[in-house]
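A look at the structure
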Amino acid sequence: MSFLSRMSKAYEHALILPLAAESKYILFSDCHRGDGRADDNFLKNEFLYLAALRYYDKYTFTYLELGDGDDLWENRSIERIRQMHPHSFEMLEKFRDERRLYLIYGNHDMVKKDAGFRKKYLDVPSYPGILLEDTMHKRNIFLTHGHQAQVMNSTYWKVNRFLVRYLWKNLELFGVPDPTSAAKNHTRKDAVEQRLSQWAAQQQVILIAGHTHRPFAGTKQSPYFNTGSCVHPAGITGIEIENRCMTLVKWSLETRPDQVVYVKREVLGDTVCVDQY
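The shown structure was predicted, so the numbers you read here are calculated from the model rather than taken from an experiment. Within any chain, residue numbers begin from 1 and follow the written order of that chain's sequence. The predicted nature of this model means local features are confined to residues of pLDDT at least 70 and side-chain atom pairs, given and counted, to a pLDDT of 80 or more, with totals for whole chains, interfaces and linings taken over all residues. Just so you know, side-chain values use all the structure's heavy atoms and leave hydrogens and water out.

What follows deals with the state of the cysteines. In what follows, a disulfide is any cysteine sulfur pair within 2.5 Å. Overall, the coordinates contain 1 disulfide when judged by the stated rule. Across a sulfur-sulfur distance of 1.9 Å, Cys 245 and Cys 273 are joined as a disulfide pair. Because the sign of the S-S torsion sets the handedness, a value of about 95 degrees for the bond joining Cys 245 and Cys 273 places this disulfide among the right-handed ones. Here the residue Cys 245 occupies a position in strand E11 (residues 245-255), and Cys 273 occupies one in strand E12 (residues 261-273), the gap between them amounting to 28 residues. What counts as a helix is a DSSP run of H or I of at least four residues, what counts as a strand is a run of E of at least two, and both are numbered from the N terminus.

In C-alpha cells:
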C-alpha cells in the first residue's frame, strides 16, 4: 500500500467532530508514556503535562491525543505504564468521563486499534484520524499521527517494533540512535514532513500531525502543522484550537526574578485561523 493509499484510508475512516466558533481543542502527541525506567522519556516532563491538562480542564477544552501517547514498542505492559503515571491517567479518565477525550493511534501504540486492548486501557475508541469539519464551510482540519509517510512505521510496524524492542532500545543506552526513527533522524524527518505537507496542499485540508516530534505552525502556503511532542528536553508542545484558530504553545519550567519556579505557557509563532485559507 502506497503513502497516498495509507493517508486516504486514515481520512476515510476518520472520526468527524465539529469545528465551530465555540470549539476548544487541545492537541498533544508523542507523549511516549513509559514504565519509569531510564528510557521513559515522558517521566521528566510529566509535571508539565499535568499542569497543562489541569489548565485545559479548567477552561473546558477537549483533549485530542494524536498518537504515541503510550510507548508500547519499548514497553509490553500498559498496566506498568499506568502504575507509573497514575496522576496522568486520572486526568485522562476525567476528560473521558466528561466526554472530552478522543484518541488517535500512532505507530508506537497501534495496538489501541484492538477492541480487547481498549477495554483494559481507557475503554475509549482509538481512530486512524479525526476530521474537524468547519461549520462555516471553510477549510476542514484533518488530524492524524503521520506515521503513514513511512512504510516501516505503518505497513511493517510489527517489524519495526521488534527491532526497537530488542535491538535499538538497548543500543540507545550506549548512545546509538535508532536510524529508522523520524524523530531522531533529520533526513527522515524532512522527508516525512515534505510528504505530509504536499498531501495537505493537494487535498485542500489543513493537516495537523505528530510523529516527527518537531513542532511547526503552518502557513497559508503550507497548511501543515505539527504538535511536536511531550518529550522535549526543554518542555512540551501542543496546538490549541479555539475560535477556529490554531496556536502552537509550549509549556516549560521558568524562574521569576524572586527565584520562584513556575510552569509557563508560551505561544510559539503566530496564531493561524481557518478563515486565512
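Buriedness for pockets is judged along seven lines, at least five of which must meet protein on both sides within 12 Å for an open set on the 1 Å grid over protein atoms alone, while cavities are sets there where a 1.4 Å probe fits but cannot get out, and lining residues have an atom within 4 Å of a point. Grid points are joined across faces, edges and corners, and a volume is the space filled by probe spheres set on the points. In this model, the second largest pocket occupies a volume close to 330 Å³. Taken together, the residues of the lining of the second largest pocket break down into 6 nonpolar, 5 polar and 3 charged. Residue polarity is assigned by list, with Asp, Glu, Lys and Arg as charged and Ala, Val, Leu, Ile, Met, Phe, Trp, Tyr, Cys and Pro as nonpolar; anything else, Gly included, falls into the polar class.

On to unusual backbone geometry, then. Even without being glycine, Arg 99 reaches a positive phi, approximately 60 degrees. Here Arg 99 shows up in the loop between helix H4 (86-97) and strand E4 (101-104). A positive phi angle, near 65 degrees, is found at Arg 244, a position not held by glycine. Position of Arg 244 among the secondary structure elements: in the loop between strand E10 (236-242) and E11.

Looking now at the packing of aromatic side chains. Between the rings of Phe, Tyr and Trp (Trp by its six-membered ring), a pair exists once the centres lie within 6.5 Å; its type follows the angle of the planes, with under 30 degrees stacked, over 60 edge-to-face, and the other angles tilted. Per the stated rule, a full pass over the model turns up 17 aromatic pairs. Centroid distance Tyr 11 to Phe 142: 5.0 Å. Interplanar angle 65 degrees. Geometry classified as edge-to-face. Here Phe 142 lies in strand E7 (residues 141-144) and Tyr 11 lies in helix H1 (residues 3-12), a separation of 131 residues in the sequence. Whether a residue is buried, partly exposed or exposed follows from its accessible area with a 1.4 Å probe, protein chains only, as a fraction of its type maximum: under 20%, in between, or over 50%, in that order. Residue Tyr 11 is classed as partly exposed on the basis of its relative accessible area of 28%. Plain terms: the ring middles of Tyr 56 and Trp 251 are 5.8 Å apart, the flat faces sit at 75 degrees to each other, and that makes the pair edge-to-face. Placement of Tyr 56 in helix H2 (residues 46-58) and of Trp 251 in strand E11 is noted, with a sequence separation of 195 residues between them. Members of the aromatic cluster, joined through ring pairs, are Phe 28, Phe 42, Tyr 49, Tyr 55, Tyr 56, Tyr 59, Phe 61, Tyr 63, Phe 95 and Trp 251. Against the face of Phe 89 rests Arg 33, its NZ or CZ located 5.4 Å from the ring centre. Note that Arg 256 overlies the ring of Tyr 262, its terminal NZ or CZ placed 4.4 Å from the centroid. Charge over a ring is defined by NZ of Lys or CZ of Arg lying within 6 Å of the ring centre and within 35 degrees of the ring normal.

Pairing is possible between side chains that carry opposite charge, provided their charged atoms lie close to one another. In what follows, salt bridge is the name for a side-chain nitrogen of Lys or Arg lying within 4 Å of a carboxyl oxygen of Asp or Glu. A complete count under the given rule lists 17 salt bridges for this structure. The shortest N-O distance in the salt bridge between Asp 190 and Arg 214 comes to 2.6 Å. With Asp 190 in helix H7 (residues 186-203) and Arg 214 in the loop between strand E8 (206-209) and strand E9 (224-226), this pair connects stretches of sequence that are 24 residues apart. Each member of the salt-bridge network shares a partner with another, and the members are Arg 33, Glu 65, Asp 70, Asp 109 and Lys 112.

Note on pairing: two strands pair once DSSP finds at least 2 bridges between them. Here E11 pairs with E12 via 10 bridges, running antiparallel. Counted as the bridge partner of Ser 252 is Lys 264 from E12. Between E11 and E12, which pair antiparallel in sequence order, lie 5 residues; one of them, Gln 259, sits at a positive phi of approximately 75 degrees.

This brings us to the sheet that holds strand E3 (residues 62-66). Spatial ordering of the open sheet is given by E5-E4-E3-E2-E10-E11-E12, a layout of 7 strands whose pairing is mixed. Edge strands, defined here as strands with exactly one partner in the open sheet, are strand E5 (126-127) and E12. Relative to E5, E4 is paired through 2 bridges, and the arrangement is parallel. Within E5, the position partnered with Leu 103 by the bridge is Ser 126. Strands strand E2 (24-28), E3, E10, E11 and E12 of the sheet are contacted by H2, whose axis makes an angle of about 130 degrees with E11. The criterion used for residue contact is that any of the two residues' heavy atoms lie within 4.5 Å. Angles here are taken between N-to-C directions and fall from 0 to 180 degrees, while the axes themselves are lines fitted to C-alpha atoms, restricted in helices to the stretch in contact.

So, about the side chain of Ser 154. Structurally, Ser 154 is set in the loop between E7 and helix H6 (157-172). A polar atom in the side chain of Ser 154 sits 2.7 Å from the backbone oxygen of Gln 150. Those residues in contact with Ser 154 that lie beyond four places of it in its chain are Arg 6, Met 110, His 147 and Gln 148. Two N or O atoms form a polar contact when they lie within 3.5 Å of each other; inside protein one atom must be a possible hydrogen donor and the other a possible acceptor, and for residues adjacent in sequence the pair counts only when both atoms belong to side chains.

Mapping Trp 199 onto the fold places it in helix H7. Linking Trp 199 and Leu 4, residues 195 residues apart in sequence, is a C-alpha distance of 7.9 Å. When residues no more than four places from it in sequence are discounted, the contact partners of Trp 199 are Phe 3, Leu 4, Met 7, Tyr 11, Phe 142, Val 205 and Leu 207.

For the rest of this paragraph, the subject is a nonpolar patch on the surface. Taken together, the side chains of Val 151, Met 152, Tyr 156 and Val 159 make up a nonpolar region of the molecular surface, amounting to roughly 330 Å² of accessible area. Tracing the backbone through its elements, the reader meets Val 159 in helix H6. The class for Val 159 is partly exposed, based on a relative accessible area of 43%. Two joining distances apply to patches: 9 Å for like charges and 5 Å for nonpolar side chains (Val, Leu, Ile, Met, Phe, Trp, Tyr), and every residue must have over 30% relative accessible area and no salt bridge. Residue burial considers only the protein chains on display, and all accessible areas are found by Shrake-Rupley using a 1.4 Å probe.

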